[in-house]
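# Structure at a glance
Chain residues, written in single-letter form:
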Amino acid sequence: GTPILYYGDELGMEQVPIPEDEQLDTAHSRDGARTPMPWAKTRDREWWIRHGDLTRNVEDMRADETSTLWFTKRLLELRRASPELRSGSYASVEADQGVWSWRRGDGYSVAVNLSDRPRAVRGLQGSIRLDTGLARIGEAATRTLSLAPWEGVVVGG
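This report concerns the structure included in the present document. (Residues numbered from 1 in each chain as written. Predicted model: local features only at pLDDT ≥ 70, side-chain atom pairs only at ≥ 80, totals over all residues. Heavy atoms only, no water.)

### A short note on the nonpolar core
Ranked by size, the top nonpolar core spans eleven residues in total: Val 93, Val 99, Ala 111, Val 121, Leu 124, Ile 128, Ala 141, Leu 145, Leu 147, Val 153 and Val 155. At the level of elements, strand E6 (144-147) and strand E7 (152-156) are the ones that each hand at least two residues to this core. Residues contacting Leu 147, with those up to four places away along its chain left out, are Val 99, Ala 111, Val 112, Asn 113, Pro 118, Arg 119, Val 121, Arg 136 and Val 153. If you look at the next biggest cluster of nonpolar residues, it comprises eight residues, including Phe 71, Leu 85, Trp 102 and Tyr 108. (Core = buried A, V, L, I, M, F, W, Y, C linked by side-chain atoms within 4.5 Å. Buried < 20%, exposed > 50% of the residue type's maximum accessible area, 1.4 Å probe, protein only. Helix = DSSP H or I, 4+ residues; strand = E, 2+ residues; numbered from the N terminus. Contact = heavy atoms within 4.5 Å.)

Below, the structure is given as structure tokens:
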């Protein structure tokens, strides 16, 4: 399928609580998802709506290769370099409860632990091409791959 990145996903921006008297979109109250992009640790100026968490900002994340911004760049690079990740067929892979796992084409699998507890996925083949912690890249995917809470991996041949 088509990946979708919403504004701020590459920084891990979160919904910002906007007091009712400051809301501009009174019909739907979507203002908290429309806060200004945090380019640095400090506000560059006053905007029509308040900023959210300025600790998640572009300037700092560009300098930190373990940041969400860099992880997003790595995902995009891997997808560009791997035709199967762009257009390979999709098939679900059996996994523990709380794990979403699928195969793309014949060469890639993805597994994401969406729970607060360690989980396992079976049947992945190849080596870990990318993982959310960036600590397992290059490891061989074993018969049963253990995933830490909220960890995700891309496995390929």
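### Some details on the side chain of Thr 35
Relative to the helices and strands, Thr 35 resides in the segment before helix H1 (58-63). Look at Thr 35 and you get buried, because its relative accessible area is 2%. When residues no more than four places from it in sequence are discounted, the contact partners of Thr 35 are Tyr 7, Met 13, Val 16, Ile 18, Ile 49, Arg 50 and Gly 52.

### A short note on the sheet that holds strand E5 (residues 127-131)
In space, the five strands of this open sheet follow the order E1-E2-E3-E7-E5, with antiparallel pairing throughout. The open sheet is flanked by strand E1 (90-92) and E5, the only strands paired with a single partner. When the angles between neighbouring strand axes are averaged without regard to direction, this sheet yields 25°. Pairing analysis gives four bridges linking E5 to E7, with the strands arranged antiparallel. Bridge assignment links Leu 130 to a residue of E7, and that residue is Val 154. Sheet contacts for helix H2 (residues 68-81): E5 and E7; angle to E5, the most-contacted strand, approximately 135°. (Pairing = 2+ DSSP bridges. Axes fitted to C-alpha atoms, helices over the stretch in contact; angles between N-to-C directions.)

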